[in-house]
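# Examination of the molecular architecture
Spelled out from the first residue to the last, the chains are:
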Amino acid sequence: MPDATPRRQPAVTYDVAIVGSGAGGGMTAHALTRAGASVVMLEAGEMWDNTKDSAMFKMPYDSPRRGASTPERPFGEWDACIGGWQVPGEPYTKAEGTKFDWWRARMLGGRTNHWGRISLRFGPDDFRRKTLDGLGDDWPITYDDVKPWYDEVDKLIGIFGSIENLPNDPDGIFHDAPAPRYYEHLVKQTSDRMGVTCIPARLSIITKPHNGRAPCHFCGQCNRGCMTNSNFSSPNVLILPALRTGRLKLVTNAMAREVLTGADGRATGVAYIDKTTGEDREVRAKVVVLAASACESARILLNSRSSRHPNGIANQSGVVGKYLTDTTGTDVAGFIPRLVDVPRHNADGVGGGHIFMPWWLDNKKLDFPRGYHIEVWGGLGAPGYGFMGGIQNYPEGGGYGPGLKQQYRKYWGATVGFSGRGEMVPNAKSFCELDPEVKDRWGIPVLRFHWEWRDHEYQQVKHMQETFRALIAEMGGEVWSPMPTKEQGYGIANGGAIIHELGCVRMGTSERDSALDGNCRAWDCDNLFVTDGGPFVSQADKNPTWTIMALAMRTSAFITEQRKAGAL
């Protein structure tokens, strides 16, 4: 489309231009600057430094909102991540009947400032699901191809966990894991009796000094941004070290519009809008890397049309935007009488659970494919807005004055919850495309989403609900909410609600049915790469961030090799 204003011509051609500064973009910048490349990074949001800008030590009572959410911070006003499922001036649309919510972060480091830091490797089976159950597609690479890069990510960033030798939940290079909290001991005892695997959590939070960073001091506020830099987020662990090399140029408030190409169809840079002035600008580079998030990168590719790429760059196969997935999810909480009036004790810890339950069953004996893991929550969290879900739900039902205060003290910490996070099988009816009419405030066509859960996912979530309710019953507890019905989808979360969207720019073995090769390089443009969640062929029952970073590091090594060989 024609520009509203002339582009400001760049004075420098960089070796690499990166769009996005989250897990994939941050890791790509870190690796490439260390390898000697000159890099420019475009970030659509503002600058953020977690060691200075965090609200880590603020208490809910410091605000009249008591920590409640705000429009730009849906997870609470002290949450580190600026963004949400709705961003002013940046709409998206949905096809009729679609229930899909698209989260965008607008700040340096993106979602890595907010996430739960559950850092799980995909297992050997996760790269070859079609071979195992006939559904979806195999990846063009294997676990063995990615394992060395998982190891490098572990060593660079730091992660705690335990050696368990579970075949499809590979161990890593771990720091010592923190001990379970009081209620987590009860969950562990219960799960052991029921034959549900329960092990120490695996979180990218360091428990000993690591690469100049201080160990976690167990304040439990990881979601607010860590002032001591003890947990992982992209700004201080990846991007600021890259800036210190002198080889990274960071451009914030830069809304990427399209990948620019020359007459030969190769990438020459990126066009973007300077959000502070509204001007159209561009950066020039010999290599372009998109890491804007799976759907945002797909939007940029679809908007990058030229005579050599009439359907958008990297899209000669027509699969850009297709096979969008998100993690399946549902939650159940229960009141546990054994935890009433527990003596007050030090319940400090990391900002997340100290235990979790990896997939433990054989799908051949079940009525659904793939699996899920279970995250556990509860305990003596700091009181704030929405505390305990409302005292009216507890046996004595509330009241006034000293009696009400005593009830809160009595029932504080007596609730335990379980969240399931499972694998969706990719399907052709879950995808995003350019809306033919709607544009954002910058004049860029927006995405329109199509979404469909299938019986695979509904039956899996039904199993989650049944398992969580059985665990609570075995603990002697009571679930106050009824079991969701089939008509209610068994309580399945909307697509996008878990914020694990993957696919849309998938890798493969052939340019006929994939956008990228096994090195995350576009089939139809040999100097264009994608290093976010877009290249994923399937979801797995694990959080994707560790795999995004391992693939980004692997792709960066390939780019470095190609540059040394003179091919890029």
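Each remark here, short or long, concerns the structure printed above.
Described in the following lines is the structure provided in the data block. Note that the structure is a prediction, hence the values are computed from the model and not measured. (Residues numbered from 1 in each chain as written. Predicted model: local features only at pLDDT ≥ 70, side-chain atom pairs only at ≥ 80, totals over all residues. Heavy atoms only, no water.)

### Overview of the overall build of the protein chain
- Of regular secondary structure, the protein chain possesses 10 helices and 19 strands.
- Over its C-alpha atoms the protein chain spans a radius of gyration of 23 Å, differing by no more than 12% from the 24 Å that the globule rule assigns to 568 residues.
- Along the first, second and third principal axes, the C-alpha set of the protein chain runs to 75 × 50 × 45 Å.
- Here the protein chain holds 568 residues, and 59% of them are scored as buried.
- Within the structure as shown, the protein chain displays about 22,400 Å² of accessible surface, and the carbon and sulfur contribution to it stands at 50%.
- Separation between the mean location of the 64 positive side-chain charges and that of the 65 negative ones in the protein chain comes to 3 Å. (Helix = DSSP H or I, 4+ residues; strand = E, 2+ residues; numbered from the N terminus. Rg over C-alpha atoms; globule rule 2.2 N^0.38 Å. Buried < 20%, exposed > 50% of the residue type's maximum accessible area, 1.4 Å probe, protein only. Areas by Shrake-Rupley, 256 points an atom, 1.4 Å probe, with all protein chains shown as cover. Lys, Arg positive; Asp, Glu negative; His and termini not counted. Charge placed at Lys NZ, Arg CZ, Asp CG, Glu CD.)

### A word on the sheet that holds strand β18 (residues 445-450)
- In spatial order, the strands read β4-β18-β17; together these three strands make up an open sheet with mixed pairing. Looking at strand neighbours, the two that pair on one side only are β4 (93-94) and β17 (431-439), the edges of this open sheet.
- The pairing of β4 with β18 spans two bridges and is classified as parallel. Across the sheet, the residue bridging to Lys 94 is Phe 449, located in β18.
- Contacting β17 and β18, helix α7 (residues 294-303) crosses the sheet at an angle of about 125° to β18. (Pairing = 2+ DSSP bridges. Contact = heavy atoms within 4.5 Å. Axes fitted to C-alpha atoms, helices over the stretch in contact; angles between N-to-C directions.)

### Considerations on the state of the cysteines
- For the coordinates displayed, the defined rule picks out zero disulfides.
- Free cysteine: Cys 295, not disulfide-bonded; nearest cysteine sulfur from Cys 504 at 4.3 Å.
- Here Cys 432 is not disulfide-linked; the sulfur of Cys 504 is the nearest cysteine sulfur, at 3.9 Å.
- The exposure class of Cys 432 is buried, given its relative accessible area of 1%. (Disulfide = S-S within 2.5 Å.)

### Some remarks on the nonpolar core
- Core analysis: the biggest nonpolar cluster contains 108 residues, and Phe 418 and Leu 528 have the highest contact counts within it.
- For this core, the leading source of residues is helix α10 (residues 545-564), giving seven residues.
- Among all residues touching Leu 528, those that are not within four sequence positions of it are Val 259, Val 288, Leu 290, Leu 301, Ile 313, Ala 314, Cys 520, Arg 521 and Ala 522.
- Core analysis: the second largest hydrophobic core is formed by 26 residues, Cys 81, Leu 108, Ile 239 and Leu 250 among them. (Core = buried A, V, L, I, M, F, W, Y, C linked by side-chain atoms within 4.5 Å.)

### With respect to the side chain of Arg 299
- Note on placement: Arg 299 falls in helix α7.
- The exposure class of Arg 299 is buried, given its relative accessible area of 4%.
- There is a polar contact of 3.1 Å between the side chain of Arg 299 and the backbone oxygen of Pro 445.
- Excluding anything up to four places from it in sequence, Arg 299 contacts Met 255, Leu 434, Asp 440, Ile 444, Pro 445, Val 446 and Leu 447. (Polar contact = N/O pair within 3.5 Å; in protein donor to acceptor, adjacent residues only side chain to side chain.)

### Considering the pairing of strand β2 (residues 39-42)
- Of the two faces of β2, the one carrying Val 39 and Met 41 and the one carrying Val 40 and Leu 42 are both buried.
- In the sheet, strand β1 (residues 13-19) pairs with β2 via four bridges, with the strands oriented parallel. When the sheet's bridge partners are listed, Ile 18 is paired in β2 with Met 41.
- As paired strands, β2 and strand β9 (residues 248-251) are joined by four bridges and run parallel to one another. Its bridge partner lying in β9, Leu 42 is registered against Val 251.

### Describing the side chain of Asp 79
- Inspection of the secondary structure assignment puts Asp 79 in the loop between α2 (50-53) and β3 (83-84).
- No salt bridge is formed by the buried Asp 79; its nearest oppositely charged neighbour, Arg 73, is found at 5.7 Å.
- With residues up to four places along the chain from it excluded, the contact list for Asp 79 reads Arg 73, His 114, Asn 223 and Arg 224. (Salt bridge = Lys/Arg side-chain N within 4 Å of Asp/Glu carboxyl O.)

### Some points on the pairing of β17
- Of the strand pairs in this sheet, β17 and β18 are connected by five bridges, and their pairing is antiparallel. Paired with Leu 434 across the strands is Leu 447, a residue of β18.
- Taking the residues that link successive antiparallel strands as the turn, the β17-β18 hairpin has five residues, and the phi of Gly 443 there is positive, at about 85°.

### Observations concerning the sheet that holds strand β14 (residues 355-357)
- Sheet architecture is open: five strands sit in the order β8-β14-β15-β16-β13, paired in antiparallel fashion. Where the open sheet ends on each side, the last strands, each with one partner, are β8 (199-200) and β13 (328-335).
- Of the strands in this sheet, β13, β14, β15 (372-378) and β16 (415-422) touch helix α9 (residues 455-474), which is tilted by about 20° from β13.

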